[in-house]
Amino acid sequence: MCGIVGYIGKHDAVPVLLDGLRRLEYRGYDSAGVAILADGKISVRKKSGRIANLTDLIAQSPVAGHVGIAHTRWATHGGVTDANAHPHSDQSGRLFLCHNGVIENYATIKEQLISEGHTFKSQTDTEVLAHLIGKEYDALASAPGTARLVKSLRSALTQVVGTYGIILMHADAPGVIVGARRGSPLVLGLGSGENFFASDVSAIVAHTREAVYLKDFDIAVLGANDFEITSLLGGASGYEVSKVEFSADDVSKGSYAHYMLKEIHEQPETIRDAMRGRLVREEATAKLGGLGMTPQQLREVDRIILTGCGTASHAAMCGEYIIEALAHVPVEVEFASEFRYRNLPLPKDTLVFCISQSGETADTLAALREGKRKGLRVLGICNNVASTIARESDGGVYMHAGPEIGVAATKSFTSQVTIMALLGLMLGRIRHLSTTEGLRILDELEALPGKVARILAQSDHIRAVAEKYAHAKAMMFLGRQFNYPAALEGALKMKEISYIHASGYPSAELKHGVIALITPEVPSVFIAPEDSVFEKNVSNIEEVKARKGPIIAVGTEGCDRIAKVADDVLWIPECPDYLSPILASIPLQLLAYYTAVHLGCDVDKPRNLAKSVTVE
Ligand code: F6R
């Protein structure tokens, strides 16, 4: 959420920054801007709307220099206007700042600054922070330059409450960009004769794969040939140079029309990667070494809490059904935003899993910290290996799904549910599952990627169905048992990218109110594979048909009953009940995708959204 890039070095900063912003556009696309330092002066170009608008502005009014900062915004405080676009300056107009996060006490600070004669051009909390740092800078008696800038930054940051990943520069300190983080990610990219700042390595991976991930309270001073990291809490701060696992090609769309479509099609591979090296045939189980727990410790777990937001919370709900079915361990799912403020009774043998693709979601991170504060073992299930959740958790499982750029989560969902199945198998084998049962589950897991590929091969049929219903007034998504969370996820995909209102329910809930919404203009998507609740689902389908509601079903290949009762069927291969949400989610992702494309929606950058929600 919001993207930040900074460059200092031998090349012109503008093309590097614009390229970085384009790669970060999925993090926010309300407005974008750059500030470039040259000849002791900082020039700014900023514009509301997509990065293309900023590029046009720079073409009309060029700017160049070897030091610069840039930002793409997802609005929090202040509307989507040119004035609210970052970078923001201080009162002197010599200091510029880009910010990701929220300064919670900005209103009080602003009031104070106004009483001291400061004037503001925007409604943002960021501009207040820029003014505060500038005020501290102007108040210091020391010589203008880097040391004074860092001192004023330290002093300002001790006065603010909230979260920030910031980079700033001052016309008095032309040889450096300064960055700081608390709660919002910030990384240094190390080049040769050039260095970078970014909120996400994907912005700079085309230039360097050497990265230093900053920690909360770090302050980094970045020159073209060197850098220094200290802590706001005092003294030097330790750091590690990491090698970025993916390349610039991994964050390109390739031949696909959209990132979302590419990521949907990557799923046979990403599901395989989620299992790679973790299936142990000789022991008929799954091994998840990253948990850092012995079988004895895992045997003692008597309750699991799965927490996350949005799609990750749907994966958690799938996990609840799967782990309870395979391992008979009680599982509870909590939205991370609720967990963090709810005073849940948490017996000591409770294990908490925080599920997050980005590993940076503010609520999920806060849930992690709350769990740890309460003395529990908190594990992460993350895709981004360098993320804050991955680093702060007591251990966990990486998804290894590669960068997910499409704002709508797809491959991360199926990776998360696959990991839930691995957990269920592992915990089940420690408890009551026999070797034979374990081996059967392993066989089914190994067969998944091939089955997913078979579903993807039906894309043309799914597109035709999507186009048939694309002008629906609303849609219902219904499923039972393991597929109730899949229905929630199907509805979320549909509404977030096509803007068709969609709701997910357990099929049996229809009669308790939802059925009032059924009309010929409101199709119902039933996830009804041939499982233990198939007949019950068919009865619910009949109830909808009796009210002239169109039926799209996700059904098991070769099932005549579903072909007869539904208007259209999206086929999935036969599989055990506990794996069916993985297969069922694939046609639902494609249904949402083709509906949105048919309606002319911007699939990769849906309205009002941004990837990685780093504010509460
Ligand atoms: C929906 C979607 C969001 C995310 C949610 C959590 O398609 O992408 O609902 O799932 O914001 O994000 P992570 O998994 O990064 O914590």
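To be clear, the structure that these remarks concern was listed above.
Residues numbered from 1 in each chain as written. Predicted model: local features only at pLDDT ≥ 70, side-chain atom pairs only at ≥ 80, totals over all residues. Heavy atoms only, no water.

Undergrad: I'd love a proper account of the overall build of the chain, names of residues and values included.
TA: On a plain count of helices and strands, the chain comes out with 19 helices and 26 strands. At 26 Å, the chain has a C-alpha radius of gyration in line with the 25 Å of a compact globule built from 616 residues. On the principal axes, the C-alpha backbone points of the chain span a range of 80 × 55 × 45 Å. Per-residue burial for the chain yields a buried fraction of 61% across its 616 residues. By sequence separation, contacts in the chain at least 24 residues apart represent 71% of the contacts at least 6 residues apart. Counting every atom, the chain has about 22,200 Å² of accessible surface; 51% of that belongs to carbon and sulfur. In the chain, which carries 62 positive and 71 negative side-chain charges, the distance between the mean positions of the two groups comes to 1 Å. (Helix = DSSP H or I, 4+ residues; strand = E, 2+ residues; numbered from the N terminus. Rg over C-alpha atoms; globule rule 2.2 N^0.38 Å. Buried < 20%, exposed > 50% of the residue type's maximum accessible area, 1.4 Å probe, protein only. Contact = heavy atoms within 4.5 Å. Areas by Shrake-Rupley, 256 points an atom, 1.4 Å probe, with all protein chains shown as cover. Lys, Arg positive; Asp, Glu negative; His and termini not counted. Charge placed at Lys NZ, Arg CZ, Asp CG, Glu CD.)

Undergrad: Talk me through the pattern of salt bridges; I want residue IDs and the actual numbers.
TA: Summed over all chains, the structure comprises 33 salt bridges. Between glutamate 370 and arginine 373 there is a salt bridge whose closest N-O contact spans 2.4 Å. Of this pair, glutamate 370 and arginine 373 are both found in helix H11 (residues 362-373), three residues apart, which corresponds to roughly one turn of the helix. Look at glutamate 370 and you get buried, because its relative accessible area is 14%. Among the residues examined, arginine 373 registers a relative accessible area of 60% and is labelled exposed. Salt bridges here are not isolated pairs; linked through shared partners, they connect Arg181, Asp216, Arg369 and Glu392. (Salt bridge = Lys/Arg side-chain N within 4 Å of Asp/Glu carboxyl O.)

Undergrad: Quick rundown of unusual backbone geometry? Include the residues and the values.
TA: Omega for the bond connecting histidine 86 with proline 87 falls within 30 degrees of zero, at -5°, which places this linkage in the cis form. When you line up the elements, proline 87 lands in the loop between strand S4 (67-73) and strand S5 (88-89). One non-glycine residue, alanine 284, lies in the positive phi region at around 55°. One can find alanine 284 in the loop between strand S15 (279-280) and strand S16 (285-286). You can call alanine 284 buried: its relative accessible area is 0%. Phi at asparagine 608 is positive, roughly 70°, even though this residue is not glycine. Structurally, the position occupied by asparagine 608 is in the segment after helix H19 (580-598).

Undergrad: Before we move on, could you go through the side chain of threonine 270 and cite the residues and values that matter?
TA: Mapped onto the fold, threonine 270 is located in helix H7 (residues 267-275). Here threonine 270 falls in the buried class, since its relative accessible area comes to 4%. Once residues lying within four places of it in the same chain are set aside, the contact partners of threonine 270 are Ala401, Lys411 and Ser415.

Undergrad: Give a detailed account of the site of the ligand, specifying residues and quantitative values.
TA: Residues in contact with the ligand amount to 14 residues; listed here are only the nearest, Ser356, Gln357, Ser358, Thr361 and Glu496. Between glutamine 357 and the ligand, the recorded distance is 2.7 Å, taken from a backbone N or O atom to an oxygen atom. Here the ligand has 400 Å² of accessible area as a free molecule, and 88% of this is covered by the chains. Among the elements of the structure, helix H9 (310-327) and helix H16 (483-498) are those that each provide at least two residues to the shell around the ligand. Across the shell around the ligand, the residue classes break down as six nonpolar, six polar and two charged. Three or more residues apiece are contributed to the shell around the ligand by two domains, here domain 2 (253-456) and domain 3 (458-601). (Near = heavy atom within 4 Å. Polar contact = N/O pair within 3.5 Å; in protein donor to acceptor, adjacent residues only side chain to side chain. Nonpolar A, V, L, I, M, F, W, Y, C, P; charged D, E, K, R; others polar. Domains from an automatic or database assignment.)

Undergrad: For the packing of aromatic side chains, give the residues involved together with the corresponding values.
TA: Tallying each qualifying case throughout the model produces four aromatic pairs. The ring of phenylalanine 120 carries lysine 110 above its face, with NZ or CZ at 5.1 Å from the centroid. Here the basic side chain of arginine 607 rests over the ring of tyrosine 499, its NZ or CZ set 3.9 Å away from the ring centre. (Phe/Tyr/Trp six-rings, centres within 6.5 Å; stacked < 30°, edge-to-face > 60°. Lys NZ or Arg CZ within 6 Å of the ring centre and 35° of its normal.)

Undergrad: Please provide a residue-by-residue account of the side chain of serine 199, values included.
TA: The topology assignment puts serine 199 in the loop between strand S10 (194-198) and strand S11 (210-213). What makes serine 199 buried here is its relative accessible area of 7%. Reaching out from serine 199, the side chain makes a polar contact with the backbone nitrogen of isoleucine 4 at a distance of 2.9 Å. The residues touching serine 199, leaving out its near neighbours within four places in the chain, are Cys2, Gly3, Ile4, Leu24, Asn100, Pro185, Leu186 and Val187.

Undergrad: Let's hear about the sheet that holds strand S23 (residues 501-506): which residues, and what values?
TA: If you walk across this open sheet you meet the five strands as S23-S22-S24-S25-S26, and the pairing is parallel. The strands lining the two open edges of the sheet, one partner per strand, are S23 and strand S26 (568-572). Along the sheet, successive strands turn relative to each other by an average axial angle of 20°, direction set aside. Relative to strand S25 (residues 551-556), strand S24 (residues 524-527) runs parallel, the two being bridged by four bridges. By the bridge assignment for S25, isoleucine 527 is matched with valine 554. Strands in contact with helix H17 (residues 534-545) are S24 and S25; relative to S24, the strand with the most contacts, it is inclined by about 170°. (Pairing = 2+ DSSP bridges. Axes fitted to C-alpha atoms, helices over the stretch in contact; angles between N-to-C directions.)

Read these as spatial facts, not as claims about activity.
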